[in-house]
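Okay, here's what each chain looks like letter by letter:
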Amino acid sequence: MTWRSPLALLRDALRGQRAREKELRNLVSNLPYEGLEKGKQPNRHFPGNAIKTTKYTLLLFIPMNLFEQFHRLANIYFVGLAILNFVPVVNAFQPEVALIPICIIMALTALKDAWEDFRRYQSDRKLNNTPCLIYSRKEKQFMERRWKDVRVGDFVKVFCNEIVPADLLLLHTSDPNGVCHIETANLDGETNLKQRRAMSGLCISDPEFKPESFDSLVVCERPNNNLNHFKCYAEKPDKEKVGAGIESLLLRGCTVRNTDTAVGFVVYAGHETKSMLNNNGPRYKRSKLERKLNIDVIFCVILLFAMCLVGSLGHFVWLQKQPGVPPYLVADSNGHLDSPGLSAFYMFFTMIILLQVLIPISLYVSIELVKIGQIFFIANDIDLYDEETDSRVQCKALNITEDLGQIEYIFSDKTGTLTENKMVFRRCSIMGTEYAHKENGNPLHCAILFKQNELMQHLSLLFIVILHVFIYMHIQPAPVAVLILDYNPPDTLPNLAKMSGSLRRFITSWQRKPKRNRIFSEDSVIEEDHFNPPVKTEGSGAISGLQTCSLHAPSQDGKPATTSDNLSYEAESPDEAALVYAAKAYGFTLMGRTPNSVTVSLPSGKELVFEVLDTLAFDSVRKRMSILVRHPITKEYVLYSKGADYAIMELLEHLCGKQKSIAADTQRHLDCYAREGLRTLCFTKKVVSEKEYESWSVNRQRALAAMENREELTMDTAVQLETNLSLLGATGIEDRLQEGVPDTIVALREAGIQVWVLTGDKPETAVNIGYACRLLEEEDLVINMSCKNTLACTSILDCALEEVRRYSNDPRNVDTTPDISLVIDGRTLTMALSSDLQERFVDLAKHCRTVLCCRVTPLQKSRVVKVVREKLKVMTLAIGDGANDVNMIQAADIGIGISGQEGMQAVMASDFAISHFKHLKKLLLVHGHWCYTRLANMIIYFFYKNVAYVNLLFWYQFFCGFSGTAMIDYWLMIFFNLFFTSVPPIMFGIMDKDISAEMLLGVPELYRMGQGEYNFKTFWISMLDAFYQSLVCFFIPYIAYRDSDIDVFTFGTPLNTISLFTILLHLSIEIKAWTVVHWVIILGSVAIFFIVTLAYSGTCITCNPPSNPYWILQTQMADPMFYLICVITTVVALLGPRMTEGTKKQQHLRKNHFTPGIKSN
């Protein structure tokens, strides 16, 4: 290796940094430079493919881990006190011993961190050494290398079922159409297949592809974490540019399926790949209880300083009142004694060291252990297990389980969350004529309807050709659908030719980009929730909406099957499957799909092959999608579009005569479908002249090859073509309500939780579902807000608020809520959330029983959640099942994903994942209540325990001149908190059940009552209990042993024993549901106390010099006075808390008296 000067290395590093920070990167093949030193490699500035996810190194583990742990203020506090104890003038204990508790806690944390980091190291090493094939110019073939050897500019070959090692620009596949199927489960959790296409015009698609033939310059964008977006173009030697997008990128971590081989050019490697840029680790959320806990810790610190100040002043007064120099004060080597003021100053710090246990050092560790135990019980609840999908509750946010018991507002999606998202094709409107379909796939009914309604025959063909015939892909054009009104099976093709100019023959097709591929703007609207993430539907009768469906044969060669019996369909969403199976029921079968064509089998057995010219994918501005096809008979260029009625109707050509009548009838049918709760879509067509197509195609290709503003340019080309459309028809698809949804919503509302629904559906559809799931009641006054301007919106808000105020001011309506429900569409919601009207909207919404937000975008969903959470200061929960719910889920305090029919993006973004909406009832009302009350009571108990114990030392200062001495051996003090009393509260926090699950489900109001368990009053009442018990535990033994000749440890040992009995019996009274585990742990703690203390007293003579606890407990246990004092003191100490407990419960019941905020059902 050639030696290079440090200046040259620095210069090269700066060049590399500039190259990596450029918005566009120029990449070339590494093959011409193979074998040259690194300094001559053109792509040397970009990182290699080796990854490192570990946080520590072997040499720097200790300092780095200490630095990490010292981010916790509690650790700094205790380490500071331990170091302070090394200062002779302020130390209270043997300095080395004072380090033990914090060292144990930090050592255990370090071991946990080391183990986790070692596992990451093993995973990295395994991944980096995974074999792969990299092309070598010298060997003239692909050679086996390791993932860590891959570099930007290499050519990598991937076989079927292999994982892609880096982000590859797809150049060649074994499929003759250049198609490669991939599975992205490792990235987004979705197991259905997606399609990628090789860049066209760069390489010859033959089995003998040779990377040496690649001589283009690849220009791509700077790495980013957007899995659904990629901009790139390849510039040939003749300066021709070929554009490429995400459809030609194989992402690291994806698995190749149903494709023998694929060859790609490495554009991003290692930590610059999209999968690694998305690997941000688990996110951290702070629970509401944790925030309250931190405030109470501050109160404890203030209390500690107050007690230390009392001790310091007491020491000053004590010294001032002494007639001479006390004999226990020893002068320094110069015979000098500190003044009373200076001694009092030193005593302040000594008291901090002595009373430091007032701040519970093990509380945070105990809380983490309790949460792990709670999650175990939630995940293993058999009632929350779904046998059909073999899935249970997933808890991915370990630190907010208690927030499940604090929810006040729930924001829910509709499709797939309240409904099954298993679609049934029900009705359609064709050229103004309506047709019904009783049940999808019913052969007898289909046969009758097939004969009676010719239009239904042609609609079937429409449905079939709409769908993809390849395994589901991101932005691949959709197939074509043909609808022929005058259909006669024996002469289908001749009739097609004869009627090529008639509006009663049409082809319609479209394809949409899955919603996980779209970036939504503030004004984007999800039409009817139809733009859903994928769901696999193979060979089932599930049915769904008009978007994309995939079909593939069992073989991997990509060839379509020749018969319909062995075809397997895979749909992006259930809507798509609904249409393809409905069409198949009428004899029209989707047979094959390539990137440029679609094949449909007619009932006569003949096949039609349609050429797909281009697809205008869905975007958040146009809110529709279109496909451009060439008719197989007439050779016309035809554009077909689909979308929601409000996105399609405004694009229709000038309506007159029959067309105007058709549009009116179709709109009437759409409104009827919406009122029945059906999901609706509209379809249109447009014949494009050859000259117009050729001109448009040039602009389209230029837009697709652009690196800047590509999205805007491609959208402009789409808008340019989507004008003067002719209306063809509409469809209505039923989405059934999930089992148990009405009961769940009623129970949640009885629990005091407000339920909002945020959906992209039409208002009529949302209202219909609202009544079906009992969000709306027949007696409700439903306010429909659909305004065209801000003035109208303001007027409605003011009128509604005035009505609410009149209702509230009526004395007859005390503690009740008006039966008002609000239905608001997306456009009006934008106005209502503006700065001028936001306060009024929130004020009205909080007085409504239910709010339905319709036609809302993902960004609007998240905005609503944020506004309600911030303005009303309430705990929010968002639940959804699709990618369009991710923003809402992440904006709420708790996000819940439903692992249903719409893929896994909502689940992956959520804090908890369930299988059905009905599981939310037990998750909140039972587990939420338990988690919150258990943890709240455990935290209160922890504070009580530490304050009650440390106050024994504080009271003793009044009898020892506030000298900072202790009457209990310091080792036993350490053992008391670390071993004797640490496990029972953890068990209490994991297993206690204050109310049975049956009672919590039967009386949902108990959920709201439990929300006040931990508050300012309960905290300070527990502190008073602790002070009372510490007074009793100290002064009864003091009175009993007063004027005796016992030594200090003989006095302290009964205090330690009494404190143990009092603290454990106090916990025993708090426990509501006893089990064998409770008995074992409580009795075991007592047994361990006596065993350890007896062993320590019998063996440790000089363990903590100059103390000598030898044989203290043994002597005490031989004295009947010891047992009498322990019994009497414990009983008296526990009387006070029981009396205050009754007062506390009465106050709590009064505060949470059963006055439901909603009308009982």
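Definitions and cut-offs
- Along each chain, residues carry numbers from 1 onward, in the same order as the chain's sequence is written.
- In keeping with the predicted nature of the model, local features appear solely for residues at pLDDT of at least 70, side-chain atom pairs appear and are counted solely at 80 or more, and the whole-chain, interface and lining totals rest on all residues.
- With hydrogens and water excluded, all non-hydrogen atoms of the structure serve as input to the side-chain values.
- Counting from the N terminus, the helices are DSSP H or I runs at least four residues long and the strands are E runs at least two residues long.
- Each helix should span, by expectation, one fewer than its residue count multiplied by 1.5 Å.
- Type-normalised accessible area, obtained with a 1.4 Å probe on protein chains alone, sets the label of each residue: buried when under 20%, exposed when over 50%, and partly exposed for intermediate values.
- The criterion for strand pairing is that DSSP finds at least two bridges linking the strands in question.
- UniProt positions are given in the numbering used here, feature names are shortened, and annotations may be inferred rather than shown by experiment.
- By the criterion applied in these results, polar contacts are pairs of N or O atoms within 3.5 Å in which, for protein atoms, one can donate a hydrogen and the other can accept it, and in which residues neighboring in sequence qualify only through two side-chain atoms.
- Think of each axis as a best-fit line through the C-alpha atoms, taken over the contacting stretch in the case of a helix, with angles from 0 to 180 degrees between the N-to-C directions.
- These descriptions rest on fixed angle ranges, namely under 35 degrees for roughly parallel, over 145 for roughly antiparallel, 65 to 115 for roughly perpendicular, and the rest for oblique.
- Should the near helix be turned counterclockwise from the far one by less than a right angle, the crossing is left-handed, whereas a clockwise turn marks it as right-handed.
- Whether two residues are in contact is decided by their heavy atoms: any pair within 4.5 Å suffices.
- By the convention adopted, Pro, Cys, Tyr, Trp, Phe, Met, Ile, Leu, Val and Ala count as nonpolar, Lys, Arg, Asp and Glu as charged, and the other residues, Gly among them, as polar.

### A short note on helix α17 (residues 690-705)
Helical geometry: 3.6 residues make up each α-helical turn, so side chains three or four residues apart lie on a common side. Along its 16 residues, α17 runs 23 Å from first to last C-alpha, staying within 8% of the 22 Å computed at 1.5 Å per residue. Among the residues of α17, Tyr 693, Trp 696, Ser 697, Arg 700, Ala 703 and Ala 705 are the ones counted as buried.

### Things to note about the pairing of strand β28 (residues 726-737)
Among the twelve residues that make up β28, nine are buried, leaving the element largely enclosed by the rest of the structure. Pairing analysis gives eight bridges linking strand β16 (residues 419-430) to β28, with the strands arranged antiparallel. Among the inter-strand pairings, Cys 428 is bridged to a residue of β28, identified as Thr 731.

### Some details on the sheet that holds strand β4 (residues 155-159)
Ordered in space as β3-β2-β4-β13-β5-β11, the six strands form an open sheet in which the pairing is antiparallel. Only two strands of the sheet have a single neighbouring strand rather than two, namely β3 (141-146) and β11 (249-250). Across two bridges, strand β5 (residues 167-173) lies against β11 in antiparallel orientation. In the sheet register, Leu 168 faces β11, and the bridge partner there is Leu 250.

### A word on the UniProt feature "binding site: Mg(2+)" (unreviewed entry) in the protein chain
According to UniProt, the positions carrying the feature "binding site: Mg(2+)" (unreviewed entry) are Asp 413, Thr 415, Asp 881 and Asp 885. In sequence the annotated residues extend across 473 residues, while in space they remain close, none of their C-alpha pairs exceeding 10.6 Å. Relative to the helices and strands, Asp 413 resides in the loop between β15 (409-412) and β16. When its relative accessible area of 1% is taken as the criterion, Asp 413 is described as buried. At 3.3 Å, the side chain of Asp 413 forms a polar contact with the side chain of Lys 861. A polar side-chain atom of Thr 415 sits 3.4 Å from a polar atom in the side chain of Lys 414.

### Notes on the packing of helix α27 (residues 919-957) against helix α33 (residues 1048-1070)
Relative orientation of the contacting elements α27 and α33 amounts to 160°, with a least axis distance of 11 Å. Looking at the two axes, α27 sits roughly antiparallel to α33. Seen from above, α27 lies across α33 with right-handed handedness. Where α27 abuts α33, its residues Tyr 941, Tyr 944, Lys 945, Tyr 949, Leu 952 and Tyr 956 lie against Val 1048, Phe 1051, Leu 1055, Asn 1056, Ser 1059, Thr 1062, Ile 1063, Leu 1064, His 1066 and Leu 1067. Classifying every residue of the contact of α27 with α33 gives eleven nonpolar, four polar and one charged.

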